[in-house]
Amino acid sequence: VERIIEANRAPFLKWFRRLADSRNASLGAARTALLQDMYRFLPAQGFDVVAFCSVDNTVLYVGVSLRNGDTLTKYLLRDNARLTLHDDIPRKLNITQPLSEPESALPSFHFDPRNAEWLNTSGVLARPAVSELYQPYEDSDEDGGRLLVHSSERIR
């Protein structure tokens with residue numbers, strides 16, 4: 001372990017080792033405690049956690065993903081995220097945007113679930129659902145879920 005730490009010069013691993021040493025715990029016990037904490041804390045915050053081994057059983061990988069809609073909404077609002085609108089939304093709002101021109105950006109707007117409610121009330125949207133306003137992405141998982149943010153964007 002010390003060779004790996006020195007070879008990679010990873011500050012986190014050095015800190016982790018100092019913490020384990022200061023508490024008279026083995027590095028293995030500290031890793032176990034960290035994994036247990038992650039498995040308790042992250043799901044309570046709306047994240048999915050999965051652990052798996054490398055093919056030769058020498059490395060343990062921990063994957064954390066965000067699929068919970070309420071948690072995703074919370075982070076989109078917190079970060080004032082801009083999401084892509086459906087192509088027909090600008091036309092319904094009497095905004096002429098030449099999508100065929102290369103200089104024309106895809107229509108987007110800051111995320112807020114109330115936008116869908118307001119546009120539904122005014123007759124622009126058929127339902128007050130955010131998926132009616134913002135363009136969802138197809139996910140390739142087994143449940144065929146559709147989320148508003150592409151999987152590569154959810155890791156920021």
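From a predicted model like this one, the values you see are computed outputs, not experimental measurements. (Residues numbered from 1 in each chain as written. Predicted model: local features only at pLDDT ≥ 70, side-chain atom pairs only at ≥ 80, totals over all residues. Heavy atoms only, no water.)

Undergrad: Talk me through the overall build of the protein; I want residue IDs and the actual numbers.
TA: Within the protein one finds seven helices and six strands. Starting at the N terminus, the α and β elements of the protein follow one another as α-α-α-β-β-α-β-α-β-α-α-β-β. When each of the 156 residues of the protein is scored for burial, the buried share is 26%. In the form shown here, the protein has an accessible surface area of approximately 11200 Å², with 54% of it arising from carbon and sulfur atoms. (Helix = DSSP H or I, 4+ residues; strand = E, 2+ residues; numbered from the N terminus. Buried < 20%, exposed > 50% of the residue type's maximum accessible area, 1.4 Å probe, protein only. Areas by Shrake-Rupley, 256 points an atom, 1.4 Å probe, with all protein chains shown as cover.)

Undergrad: So what's going on with the environment of leucine 119? Which residues, and what values?
TA: Tracing the backbone shows leucine 119 in helix α6 (residues 113-121). For the pair leucine 119 and alanine 129, spaced 10 residues apart in sequence, the C-alpha to C-alpha distance is 9.8 Å. In this structure, leucine 119 is in contact with Leu93, Val124, Leu125 and Leu133, ignoring residues within four places of it in sequence. (Contact = heavy atoms within 4.5 Å.)

Undergrad: So what's going on with the confidence of the model for the protein? Which residues, and what values?
TA: With 76% of its residues at a pLDDT of at least 70, the protein reaches an overall mean of 77. Confidence, expressed as mean pLDDT per element, reaches its minimum in the protein at helix α1 (residues 2-8) with 51 and its maximum at α6 with 93. (pLDDT = per-residue confidence, 0-100.)

Undergrad: A description of the pairing of strand β2 (residues 60-66) should follow, citing residues and the corresponding values.
TA: Of the strand pairs in this sheet, strand β1 (residues 47-53) and β2 are connected by seven bridges, and their pairing is antiparallel. Paired with aspartate 48 across the two strands is serine 65, which belongs to β2. Count of turn residues in the β1/β2 antiparallel hairpin: six residues, of which asparagine 57 carries a positive phi of about 55 degrees. (Pairing = 2+ DSSP bridges.)

Undergrad: Describe the nonpolar core, and please don't skip the residues or the numbers.
TA: In this structure, Leu76, Leu83, Phe111, Leu125, Leu133 and Tyr134 are the most contacted members of the largest nonpolar core, which totals 18 residues. For this core, the secondary structure elements donating two or more residues are β1, α4 (69-78) and α6. Once you skip the residues sitting within four places of it in the chain, phenylalanine 111 turns out to touch Thr73, Leu76, Leu77, Ala81, Leu83, Val130, Tyr134 and Leu148. (Core = buried A, V, L, I, M, F, W, Y, C linked by side-chain atoms within 4.5 Å.)

Undergrad: Quick one: what's the story with the side chain of serine 54, residue by residue and with numbers?
TA: For serine 54, the position within the fold is in the loop between β1 and β2. Engagement of the side chain of serine 54 in a polar contact is seen with the backbone nitrogen of threonine 58, the distance being 3.2 Å. Setting aside its immediate chain neighbours within four residues, serine 54 contacts Val59 and Tyr61. (Polar contact = N/O pair within 3.5 Å; in protein donor to acceptor, adjacent residues only side chain to side chain.)

Undergrad: With reference to specific residues and values, describe the packing of aromatic side chains.
TA: A complete count under the given rule lists three aromatic pairs for this structure. Between phenylalanine 47 and tyrosine 75, the aromatic rings sit 6.0 Å apart at their centres with planes inclined by 55 degrees, giving tilted as the arrangement. With phenylalanine 47 in strand β1 and tyrosine 75 in helix α4, this pair connects stretches of sequence that are 28 residues apart. Ring geometry for phenylalanine 52 against tyrosine 61: centres 5.6 Å apart, planes inclined by 25 degrees, an arrangement best described as stacked. (Phe/Tyr/Trp six-rings, centres within 6.5 Å; stacked < 30°, edge-to-face > 60°.)

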